[in-house]
Amino acid sequence: MIKKGSTYVVMGLLNTDSIAYATGKLVEEMGGNVIWTAQNERMKKIFFDRGCKDLSVEEKDAMQFKYCDVTIDEEVETLFNETGEIDGVLHSIGYANPKTCLGAEEMYTPASQDVLTGFHISAASLATVAHFAAPKMKNGGSIVTLSFEGSRPFPYYNWMGVNKAALEALVKALARNMGKDYIRVNAVSAGPLTTKAASSIPSFNLLASTWEDISPLPWDTLEDKVEVANACVFLLGEYSKKITGQTLFVDGGANFIGGRLMDYEKPKK
Ligand SMILES: NC(=O)c1ccc[n+]([C@@H]2O[C@H](COP(=O)([O-])OP(=O)(O)OC[C@H]3O[C@@H](n4cnc5c(N)ncnc54)[C@H](O)[C@@H]3O)[C@@H](O)[C@H]2O)c1
């Protein structure tokens, strides 16, 4: 799926639980090169000090690691000035202040700057990344981002749900803009997975447990990260050359179910 020797920038590494990590490892296993990015120098240090205990010294040393805050255009520009030619980018980045933008509270928040920051990081930054990455994809390429159900509001997900809806709309707008340069833009909409970002969603376990009621296939919040990574690699790589502007659900099928599953429809244990 991934061309041997191709190079991908994988953005959004916090620890080895990150979706970015699972995807980047698959790219490497298939013979691709990965340039990893964390948000800033501090996050990079956290990754090496605490976030990757299961990696050997050799594995850590082999990682080509940069940092880049996607809300600072100069940092995104510098990142892509330093990568050389690339074949694609994984944008696996999101943030909304859990105190003001997520949770059981009503949507209104007096902290409107938090709403804007969440939108900038979780949605608009894809356009920044696409803008600075495009000149490095001279022979075309693929940009993939991560969504969570942009079309239906879920409890506790509040402003993040709005950001994901915007992200999925932006995927289509960018795909329209960038097709002329043979650059594809797609999203993978994942079911709930246990990661640091997920742990900051209030009552994440409650949200995740709804998957038992709405997912026709069994969904495992730990094990199924690899299935999400598989789909990201599919969209980044060689087998999806005519797919663009899409949101591909990797959620066990929860997205199309009306109401709850009947007991007789639930996956057999
Ligand atoms: N975990 C889930 O259940 C789930 C489900 C569907 C979609 N997603 C999405 O997948 C993506 C990756 O999340 P994850 O679950 O791997 O969690 P994660 O916490 O490992 O990754 C989120 C990343 O976003 C980065 N980030 C935040 N602000 C940034 C900024 N200003 N600049 C650069 N990086 C920044 C964080 O440093 C972190 O590396 C997010 O967009 C998330 O919304 C997650």
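Higher on the page you've got the structure.
What counts and what doesn't
- Residues numbered from 1 in each chain as written.
- Predicted model: local features only at pLDDT ≥ 70, side-chain atom pairs only at ≥ 80, totals over all residues.
- Helix = DSSP H or I, 4+ residues; strand = E, 2+ residues; numbered from the N terminus.
- Contact = placed C-beta atoms within 7 Å.
- Near = placed C-beta within 6 Å.
- Nonpolar A, V, L, I, M, F, W, Y, C, P; charged D, E, K, R; others polar.
- Buried ≥ 20, exposed ≤ 12 C-beta atoms within 10 Å, placed from the backbone.
- Arc of directions from axis to C-beta.
- Pairing = 2+ DSSP bridges.
- Axes fitted to C-alpha atoms, helices over the stretch in contact; angles between N-to-C directions.
- Left-handed = near helix turned anticlockwise from the far one by under 90°.
- Right-handed = clockwise from strand over helix to strand, strands pointing away.

## Section: the environment of Phe-47
- Secondary-structure assignment places Phe-47 in helix H2 (residues 41-51).
- The sequence separation of Phe-47 and Lys-60 amounts to 13 residues, and the corresponding C-alpha distance is 9.9 Å.
- Those residues in contact with Phe-47 that sit more than four places away from it in its chain are Leu-13, Leu-14, Asn-15, Ala-38 and Cys-52.

## A word on the site of the ligand
- Close to the ligand lie 26 residues; Ser-18, Gly-94, Leu-146, Thr-195 and Ala-197 are nearest.
- Across the shell around the ligand, the residue classes tally to 16 nonpolar, eight polar and two charged.

## Comments concerning helix H4 (residues 73-83)
- The complete set of buried residues in H4 reads Val-76, Leu-79 and Phe-80. Taken down its axis, H4 places every buried residue within 85° of arc, on the same side. Among the exposed residues of H4, those pointing more than 90 degrees away from its buried face are Glu-74, Asn-81 and Glu-82.
- Where the residues of H4 are buried, they touch strand S2 (33-38), strand S3 (64-67) and helix H5 (112-133).
- Just downstream of H4, Gly-84 is the residue with a positive phi angle, here 75°.

## Thoughts on the sheet that holds strand S4 (residues 88-91)
- Here we have seven strands laid out as an open sheet, ordered S3-S2-S1-S4-S5-S6-S7, and parallel in their pairing. Two strands bound the open sheet, and with one partner strand each, they are S3 and strand S7 (247-250). Strand after strand, the sheet turns through a mean of 20° between neighbouring axes, direction not considered.
- As paired elements, strand S5 (residues 141-147) and strand S6 (residues 183-190) share seven bridges and run parallel to each other. Looking at S6, one finds that Leu-146 is bridged to Val-188.
- Lying on the sheet, helix H1 (residues 19-29) is in contact with strand S1 (7-11), S2, S4, S5 and S6; it crosses S1 at an angle near 170°.
- Along the sheet face, H2 touches S2 and S3 and points at about 145° away from the line of S3.

## Observations concerning the packing of H4 against H5
- Where H4 meets H5, the closest approach of the two axes is 9 Å, and the angle between their N-to-C directions is 35°. Note that H4 runs across H5; the crossing there is right-handed. Residues Asp-73, Val-76, Glu-77 and Phe-80 of H4 touch H5, and the partners they reach there are Thr-128, Val-129, Phe-132 and Ala-133.
- Of the residues contributing to the contact of H4 with H5, the split by class is five nonpolar, one polar and two charged.

## Notes on the pairing of S2
- In terms of residue burial, S2 counts as a mostly covered element, since five of its six residues are buried.
- The sheet contact formed by S1 and S2 spans five bridges and is parallel. Residue Thr-7 lies in a different strand from S2, and its bridge partner there is Asn-33.
- Running through H1, the crossover from S1 to the neighbouring parallel element S2 is right-handed.

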